[in-house]
Amino acid sequence: MIQTAGWIDTELSSGPSVRTIGTLGPAGTSSEQAALYLWADRAPEGPPAIRLYDSYEQAGSALRLGAVSHVVIANAYASVHSFYMDPSLRFAGAFLFDTPHYGIAVSPGHRIPGAARVATHPAPEALVEELLPAEYSVAEIRYAASTSAAADKARRRETDLALTTQPAAKANALEFISRTRPIRMLWSVFTLAGADS
């Protein structure tokens, strides 16, 4: 049953209020943007209370410790099953949300070799081949903990390029060399099992 455009599950609206959201950081990740969307849709008036963590697992620990009331996790995350199976957590709802545009970015002035080293988070890796301009090939993929961390690798020139989002590229002063596109993604929201309404 759909209550609000894009919402798949209505349990979130009848559950505990959204007071603080934890998700994958640093600033500029798709997860942060999804948390901001959730905040705008389901939280009280006022500035967003979003806490960013180095991993979804750290966000889950923050939830268990009461530092956040909810966590937002991309269903594209390979270990999302661990959150569904954790008896201390309750699935609170899910929503569809287009990510910020993804693209291939470079640090300004960096000379890109024909066979480039590309940083990416593992989840959107398939986009590397799709978005990489034809004059380049992939010499090596280097995984990063997030799209923002991938952008940081390109900024520091640990890699030649990064598959990253527009907010992360901007935060790291990178320029896109490819077309960009958003990804329609399913996001899951969890709270503590037994949390009062």
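Computed from a predicted model, the values in this text were never measured in an experiment.

### Topic: the sheet that holds strand β5 (residues 102-106)
The mixed open sheet is built from five strands, whose spatial order is β7-β6-β8-β5-β9. The two strands at the open ends of the sheet, each matched to only one other strand, are β7 (137-143) and β9 (175-176). One ladder, built from six bridges, connects strand β6 (residues 115-120) with β7; its direction is parallel. What sits directly across from Ala119, in β7, is Arg142. Docked against the sheet, helix α6 (residues 147-155) engages β5, β6, β7 and β8 (161-165), running at close to 145° with respect to β8.

### Re the pairing of strand β10 (residues 184-192)
Inspection of the sheet shows strand β3 (residues 70-74) paired to β10 by four bridges, in the antiparallel sense. Note on β10: the bridge partner recorded for Val71 is Phe190. One ladder, built from nine bridges, connects strand β4 (residues 89-98) with β10; its direction is antiparallel. Considered in β10, the bridge of Phe97 is made with Met185.

### Description of the side chain of Thr120
Summarising the element assignment, Thr120 is placed in strand β6. By relative accessible area, which is 0% here, Thr120 ends up buried. Setting aside anything within four residues of it in sequence, one finds Thr120 in contact with Glu125, Val128, Ile141, Arg142, Tyr143, Ala144, Ala150 and Leu163.

### Regarding the packing of aromatic side chains
Enumeration over the complete set of coordinates arrives at seven aromatic pairs. On the numbers, 5.5 Å between centres and 35° between planes, the contact of Tyr84 with Phe91 is tilted. Taken together, the ring pairs in this structure connect Phe83, Tyr84, Phe91 and Phe190 into an aromatic cluster.

Parameters at a glance
Residues numbered from 1 in each chain as written. Predicted model: local features only at pLDDT ≥ 70, side-chain atom pairs only at ≥ 80, totals over all residues. Heavy atoms only, no water. Pairing = 2+ DSSP bridges. Helix = DSSP H or I, 4+ residues; strand = E, 2+ residues; numbered from the N terminus. Contact = heavy atoms within 4.5 Å. Axes fitted to C-alpha atoms, helices over the stretch in contact; angles between N-to-C directions. Buried < 20%, exposed > 50% of the residue type's maximum accessible area, 1.4 Å probe, protein only. Phe/Tyr/Trp six-rings, centres within 6.5 Å; stacked < 30°, edge-to-face > 60°.

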